[in-house]
Amino acid sequence: SSFRLAHSQLGSPTRAWEGGAGAMAARAARIAAWFKDTENLKNVARMTAGISFFSLALLSMKRVSPGHVGLIEDRTGNLRPYVYDDGQLVIAIPVWQRCINIRLIPVKKRFIKEYKTKDGKDVEVFPVLYANN
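Residues numbered from 1 in each chain as written. Predicted model: local features only at pLDDT ≥ 70, side-chain atom pairs only at ≥ 80, totals over all residues. Heavy atoms only, no water.

1. Observations concerning the overall build of the protein chain
Helix and strand content of the protein chain: 4 helices and 6 strands. Seen in sequence order, the protein chain has helices and strands lined up from the N terminus as α-α-α-β-β-β-β-α-β-β. Here the analysis covers contacts within the protein chain between residues at least 6 apart in sequence; of these, 41% occur between residues at least 24 apart. Accessible surface computed for the protein chain: about 11400 Å², of which carbon and sulfur atoms make up 62%. (Helix = DSSP H or I, 4+ residues; strand = E, 2+ residues; numbered from the N terminus. Contact = heavy atoms within 4.5 Å. Areas by Shrake-Rupley, 256 points an atom, 1.4 Å probe, with all protein chains shown as cover.)

The following block contains the structure:
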């Protein structure tokens, strides 16, 4: 048959790990021939574009940490006019924007103090803040 004739003319196949530089040169020639086909180049371009797009989409999703609010700042220092709640998913372009998490401190923890009186009662003390104009 024609297959046997063609196969016998080629000789036995040589693998790269079995025999030297001739096998590597043959492999490089096959790879170069594969890249010369325009349909293969289109498929490589589609794969590269798809992987790049989905990688950028995954990297652009940022979650605001619990107990924080989020702001988006771009490279020039401008802020988006939105404040994002904790646990919210935010879209920020990784090359151009970044998500800033700002911790929320409860008011009671910071401004309200608890003291014990001489008769054993618990009293909460609120400081009075005045603004001088």
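Structure's up, so let's keep going.
2. Side note on the environment of Asn78
Within the secondary structure, Asn78 sits in the loop between β2 (68-74) and β3 (89-91). With a relative accessible area of 48%, Asn78 lands in the partly exposed category. Taking the C-alpha atoms as reference, Asn78 lies 9.5 Å from Gln97; in sequence the two are 19 residues apart. Sequence-distant contacts of Asn78, that is, excluding residues within four places in its chain, are made with Ile72 and Glu73. One polar contact links Asn78 to Thr76, side chain to side chain, over a distance of 3.1 Å. (Buried < 20%, exposed > 50% of the residue type's maximum accessible area, 1.4 Å probe, protein only. Polar contact = N/O pair within 3.5 Å; in protein donor to acceptor, adjacent residues only side chain to side chain.)

3. As for the nonpolar core
One finds Val64, Ile72, Tyr84, Val90 and Ala92 forming the largest nonpolar core, which totals 5 residues. Residues contacting Ile72, with those up to four places away along its chain left out, are Asn78, Leu79, Arg80, Tyr84, Val90, Ala92, Gln97, Arg98 and Cys99. (Core = buried A, V, L, I, M, F, W, Y, C linked by side-chain atoms within 4.5 Å.)

4. Observations regarding the packing of aromatic side chains
Throughout the structure, instances matching the rule amount to 3 aromatic pairs. Judged by centre distance (5.1 Å) and plane angle (90°), the ring pair of Trp34 and Phe35 falls under edge-to-face. By relative accessible area, which is 41% here, Trp34 ends up partly exposed. Taken together, a centroid distance of 5.2 Å and an interplanar angle of 75° make the contact between Phe53 and Phe54 edge-to-face. For the residue pair Phe53 and Phe54, the accessibility class agrees, reading exposed in each case. (Phe/Tyr/Trp six-rings, centres within 6.5 Å; stacked < 30°, edge-to-face > 60°.)

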